[in-house]
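# Structural overview
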Amino acid sequence: MRFLSRSTGRAAALLSACLLGAIAFTAPLAATAAPPEPPPIFVLNSLDASVSVINPVDWTEKQRIPTGKEPHHIYMTPDEKSVIVANSAGDSLTFVNPRTAEVQRVVYGIIDPYQLQFSRDMKWFVTAANRLNHVDVYRWDGKDLKLAKRIATGKTPSHIWIDNTSTIAYVTMQDSDEMIAVDLPTQTIRWRVATGPMPADIYGVHNDKTLLVGLTGSDGVQVFDVAGAQPKLVGKIPTGKGAHAFRSAGDGKSVFVSNRVANSISRIDLATLKVTDTYPVPGGPDCMDVSADGKTLYVTSRWAKKLSVVDLASGKVVRQVNVGRSPHGVWTLDHAKRI
């Protein structure tokens, strides 16, 4: 019995030493484990009814997610648990997990959702029906949408900007060359103003007292003073032909605008409202997103069927990733502040 006892003791000691050795051996491995893969970059392929999921580490297309017809724009839910792809010709919204790219659900019966935006108080969700000439105002309860009112507009409503009080939605009319202000609590039109040719995206600055409007049918950005009861056109910023979409630089000091025809991106200083930098991007640059560190700009080159990656320090396109036909919206969870 003593022999067995001593043997058991030695065995226990040996096992303990082995476990300690294993722990000591594996601890450094745990400490040097590879960091989690960054969230993907989503690119909407409007003519392919799909979303390209791009790995931002090796710059490969990991997969394509089928959607409804003509996905054009993408927006994150207030809880940051989903990104919504608006399928304009499919009359639907596709909810996607922004980290895993898994489709969570599809909501049908959303008529012609070309562009979309949430209000900052998370109570309102607005869509622009590009083909059917109306704006839909929905109430959002954190999960589901309920149509509050469908509002007839001018021809081809294009882009939306909701102010920081969550009471006004500004919408451009691409083919009737105008912009309207929609009162969200009453779902009525406050005013209507003429713009330059083919107004597209809108961006609010100076605490939303000033609006920038990209003119796709011209060569710059119109500046409107909307602090009073009626809007006033106060200037124009020359950027390049086909000025179209805006994206915050995330520094609180500047905003980017894409110039489709000029094949360039302009950086506008928010204090002076003047162009400070111009970045050449081939292939019809359209929608943009900015990395969280503010160093990289992701641009859909619409005619080239590419995602162009711009290094903002050098001002050069450092790589292009093949995607689907007519890429439009682009988005990643790892982005700079939008406002």
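Residues numbered from 1 in each chain as written. Predicted model: local features only at pLDDT ≥ 70, side-chain atom pairs only at ≥ 80, totals over all residues. Heavy atoms only, no water.

## Details of the overall build of the chain
What counts, and what does not: Strands are runs of DSSP state E lasting at least 2 residues, helices are runs of H or I lasting at least 4, and numbering of each runs from the N terminus. Whether a residue is buried, partly exposed or exposed follows from its accessible area with a 1.4 Å probe, protein chains only, as a fraction of its type maximum: under 20%, in between, or over 50%, in that order. It only takes one pair of heavy atoms within 4.5 Å for two residues to be counted as in contact. To be clear on the numbers: accessible area is Shrake-Rupley with a 1.4 Å probe, and residue cover counts the displayed protein chains and nothing else.
Per the secondary structure count, the chain includes one helix and 28 strands. Sorting the 339 residues of the chain into buried and exposed places 53% on the buried side. Contacts spanning at least 24 positions in sequence make up 40% of the contacts within the chain whose residues lie at least 6 apart. As presented, the chain carries roughly 15100 Å² of accessible surface, and 56% of it is formed by carbon and sulfur atoms.

## A closer look at the sheet that holds strand β17 (residues 210-215)
Note the following rule: Two strands pair under a simple rule: DSSP has to find at least two bridges between them. Note on geometry: axes are C-alpha line fits, over the in-contact stretch for helices, and angles between N-to-C directions span 0 to 180 degrees.
As summarised here, the arrangement of the four strands in space is β16-β17-β18-β19, forming an open sheet in which the pairing is antiparallel. Each end of this open sheet is capped by a strand with a single partner; those strands are β16 (199-205) and β19 (232-238). Sheet twist, expressed as the mean angle between neighbouring strand axes with direction ignored, is 25 degrees.

## Details of the confidence of the model for the chain
Selection criterion: pLDDT measures the predictor's confidence residue by residue and takes values from 0 up to 100.
Model confidence for the chain is summarised by a mean pLDDT of 91, while 89% of its residues fall at 70 or above. When the criterion is pLDDT under 50, residues 1-30 qualifies, and its contacts beyond four places in sequence or with other chains add up to zero contacts.

## Some points on the pattern of salt bridges
Selection rule: Salt bridge criterion: a side-chain nitrogen from Lys or Arg within 4 Å of a carboxyl oxygen from Asp or Glu.
Under the defined criterion, the tally for this structure stands at 17 salt bridges. Linking aspartate 183 and arginine 190 is a salt bridge whose minimum nitrogen-to-oxygen distance equals 2.8 Å. What makes arginine 190 partly exposed here is its relative accessible area of 42%. Of the charged contacts, one joins arginine 247 and aspartate 289 as a salt bridge, the two residues approaching to 2.6 Å between their closest N and O atoms. Here the residue arginine 247 occupies a position in strand β20 (residues 243-248), and aspartate 289 occupies one in strand β24 (residues 285-290), the gap between them amounting to 42 residues. Neither arginine 247 nor aspartate 289 differs from the other in exposure class; each is buried. Taken together, the shared-partner salt bridges in this structure form one network comprising Asp48, Glu61, Arg64 and Arg325.

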